[in-house]
Amino acid sequence: FLRQEGEAYRLVTARAGEYAADWTVGEMAGYQRALLRAAPRRLRVYLVMRVARAMVRRTYRGSRATVRWRRGRGVVGIRGSLFCQVRDRVEQPLCQFYAAAIRRLMEQCGVEVDVDTEQCRATGAGQCLMAVLVRPAG
């Protein structure tokens, strides 16, 4: 029913994604967090996306994430998204949880990214796809 609340749905699911990312980083051993944050930037981005894939899998056992990188732009595919399995198609994507979680995981490790939903199962696409654009180091 929350999905029918428009902006409230987006805000609640995005906040939940941020919490999931915070908990994921908080559950890591201190040395893992330190190594992750100290890694060179390109390696750090790759490692954080591995953490994101594992987080997606732990969030809902039926979910899987794939990541492809091309020219500094990542494409994250989510299969079996719990948030996007709907009876009737919706007009707006429902992938805010994953987009916010990826953004926060990167943030936690000192990398600024933009995450935009390109496709969503809830809108009729075959899978959820999000573009991840790493911002230049500043």
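As shown above, the structure is provided for reference.
Overview of the structure. (Residues numbered from 1 in each chain as written. Predicted model: local features only at pLDDT ≥ 70, side-chain atom pairs only at ≥ 80, totals over all residues. Heavy atoms only, no water.)

### Points about the environment of Arg-57
Then comes step 1: Mapped onto the elements of the fold, Arg-57 is located in helix α3 (residues 41-59).
Then comes step 2: Judged by its relative accessible area of 38%, Arg-57 is partly exposed.
Then comes step 3: Once residues lying within four places of it in the same chain are set aside, the contact partners of Arg-57 are Ser-63 and Arg-64. (Helix = DSSP H or I, 4+ residues; strand = E, 2+ residues; numbered from the N terminus. Buried < 20%, exposed > 50% of the residue type's maximum accessible area, 1.4 Å probe, protein only. Contact = heavy atoms within 4.5 Å.)

### Examining the pattern of salt bridges
Then comes step 1: Applying the stated criterion across every chain yields a total of seven salt bridges.
Then comes step 2: Residue Glu-118 pairs with Arg-73 through a salt bridge whose shortest N-O separation is 2.1 Å. One end of the pair, Glu-118, is in strand β3 (residues 113-119); the other, Arg-73, is in strand β2 (residues 73-79), and 45 residues separate them in sequence.
Then comes step 3: In this structure, the salt-bridge partner of Arg-104 is Glu-107, at a minimum N-O distance of 3.4 Å. Here Arg-104 pairs with Glu-107, and both are found in helix α4 (residues 96-108), just three residues apart, close to one helical turn.
Then comes step 4: The network of salt bridges with shared partners includes Arg-15, Glu-18, Asp-22, Arg-104 and Glu-107. (Salt bridge = Lys/Arg side-chain N within 4 Å of Asp/Glu carboxyl O.)

### Considerations on helix α1 (residues 7-27)
Then comes step 1: Its 21 residues give α1 an end-to-end C-alpha distance of 30 Å, which sits within 8% of 30 Å, the value for a rise of 1.5 Å per residue.
Then comes step 2: Inspection of α1 places Tyr-9, Thr-13, Ala-14, Gly-17, Ala-20, Ala-21, Thr-24 and Val-25 among the buried residues, and these make up the whole buried set. Down the axis of α1, the buried set is contained in an arc of 135°. They therefore lie on one face. Every exposed residue of α1 that faces more than 90 degrees away from the buried side is listed here: Trp-23, Gly-26 and Glu-27. (Expected span 1.5 Å × (residues − 1). Arc of directions from axis to C-beta.)

### Focus: the side chain of Arg-44
Then comes step 1: Within the secondary structure, Arg-44 is located in helix α3.
Then comes step 2: Despite its burial, Arg-44 pairs with no opposite charge; the closest candidate is Glu-112, at 9.3 Å N-O.
Then comes step 3: Beyond its immediate stretch of four places on either side in the chain, Arg-44 contacts Leu-36, Arg-37, Ala-39, Cys-109, Gly-110 and Val-111. (Lys, Arg positive; Asp, Glu negative; His and termini not counted.)

### Quick word on the packing of aromatic side chains
Then comes step 1: Using the criterion set out here, one finds two aromatic pairs in the structure.
Then comes step 2: Taking 5.9 Å as the distance between ring centres and 25° as the angle between the ring planes, the aromatic pair formed by Tyr-19 and Trp-23 counts as stacked. Taken together, the residues Tyr-19 and Trp-23, both in helix α1 and four residues apart, mark about one turn of the helix.
Then comes step 3: On the basis of an interplanar angle of 90° and a centroid distance of 5.2 Å, the ring pair of Phe-97 and Tyr-98 is categorised as edge-to-face. (Phe/Tyr/Trp six-rings, centres within 6.5 Å; stacked < 30°, edge-to-face > 60°.)

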